Amino acid sequence: MALGSSLPGAQGKTVEDQNRIDHTVAPGCAIALYRPAECDRHTKASAARRAELKN
């Protein structure tokens, strides 16, 4: 698993990709590897990307 500061907010090409990104970012947020603002940004970006992929 690779954790980097550019990962929060990343957008997958498919829902499956987005799931993988989310599952990679979540542990970093849980252990405070990322700042709360980065985790917040990722949550919002992920929701927006999922909405785009749904259409």
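Every value quoted in this text rests on a predicted model; they were computed, and no experiment measured them.

**As for the overall build of the chain**
- Of regular secondary structure, the chain possesses two helices and zero strands.
- Over its C-alpha atoms the chain spans a radius of gyration of 11 Å, differing by no more than 12% from the 10 Å that the globule rule assigns to 55 residues.
- Structurally, the chain occupies a C-alpha span of about 35 × 20 × 15 Å along its principal axes.
- Evaluated residue by residue, the chain yields a buried proportion of 29% over its 55 residues.
- About 3,800 Å² of surface is accessible on the chain, with carbon and sulfur atoms providing 57% of the total.
- For the chain, the distance from the average position of its 8 positive side-chain charges to the average position of its 6 negative side-chain charges is 2 Å.

**Structural notes on the nonpolar core**
- By size, the foremost hydrophobic cluster in this structure holds five residues: L7, I21, V25, Y34 and C39.
- When neighbours within four sequence positions are excluded, I21 is seen to be in contact with L7, A10, Q11, G12 and H42.

**Structural notes on the side chain of R49**
- Among the structural elements, R49 can be located in helix α2 (residues 36–54).
- In this structure R49 comes out as buried when scored by relative accessible area, which is 17%.
- Within polar-contact distance, the side chain of R49 engages the side chain of E52 at 2.8 Å.

**As for the environment of D17**
- Among the secondary structure elements, D17 is positioned in helix α1 (residues 15–30).
- The exposure class assigned to D17 is partly exposed, which follows from its relative accessible area of 26%.
- Each C-alpha atom of the pair D17 and A45 lies 14 Å from the other, and the pair is 28 residues apart in sequence.

**Thoughts on the side chain of Q18**
- In this structure, Q18 sits in helix α1.
- At 3.3 Å, the side chain of Q18 forms a polar contact with the side chain of S46.

**A closer look at α1**
- Taking 1.5 Å per residue, 16 residues should reach 22 Å; α1 reaches 22 Å between its end C-alpha atoms and fits that length.
- Those residues of α1 not exposed but buried are Q18, I21, D22, T24, V25 and G28.
- Elements in contact with the buried residues of α1: α2.
- Positive phi appears at A32, one or two residues downstream of α1, with a value of about 65°.

Calculation criteria
Residues numbered from 1 in each chain as written. Predicted model: local features only at pLDDT ≥ 70, side-chain atom pairs only at ≥ 80, totals over all residues. Heavy atoms only, no water. Helix = DSSP H or I, 4+ residues; strand = E, 2+ residues; numbered from the N terminus. Rg over C-alpha atoms; globule rule 2.2 N^0.38 Å. Buried < 20%, exposed > 50% of the residue type's maximum accessible area, 1.4 Å probe, protein only. Areas by Shrake-Rupley, 256 points an atom, 1.4 Å probe, with all protein chains shown as cover. Lys, Arg positive; Asp, Glu negative; His and termini not counted. Charge placed at Lys NZ, Arg CZ, Asp CG, Glu CD. Core = buried A, V, L, I, M, F, W, Y, C linked by side-chain atoms within 4.5 Å. Contact = heavy atoms within 4.5 Å. Polar contact = N/O pair within 3.5 Å; in protein donor to acceptor, adjacent residues only side chain to side chain. Expected span 1.5 Å × (residues − 1).

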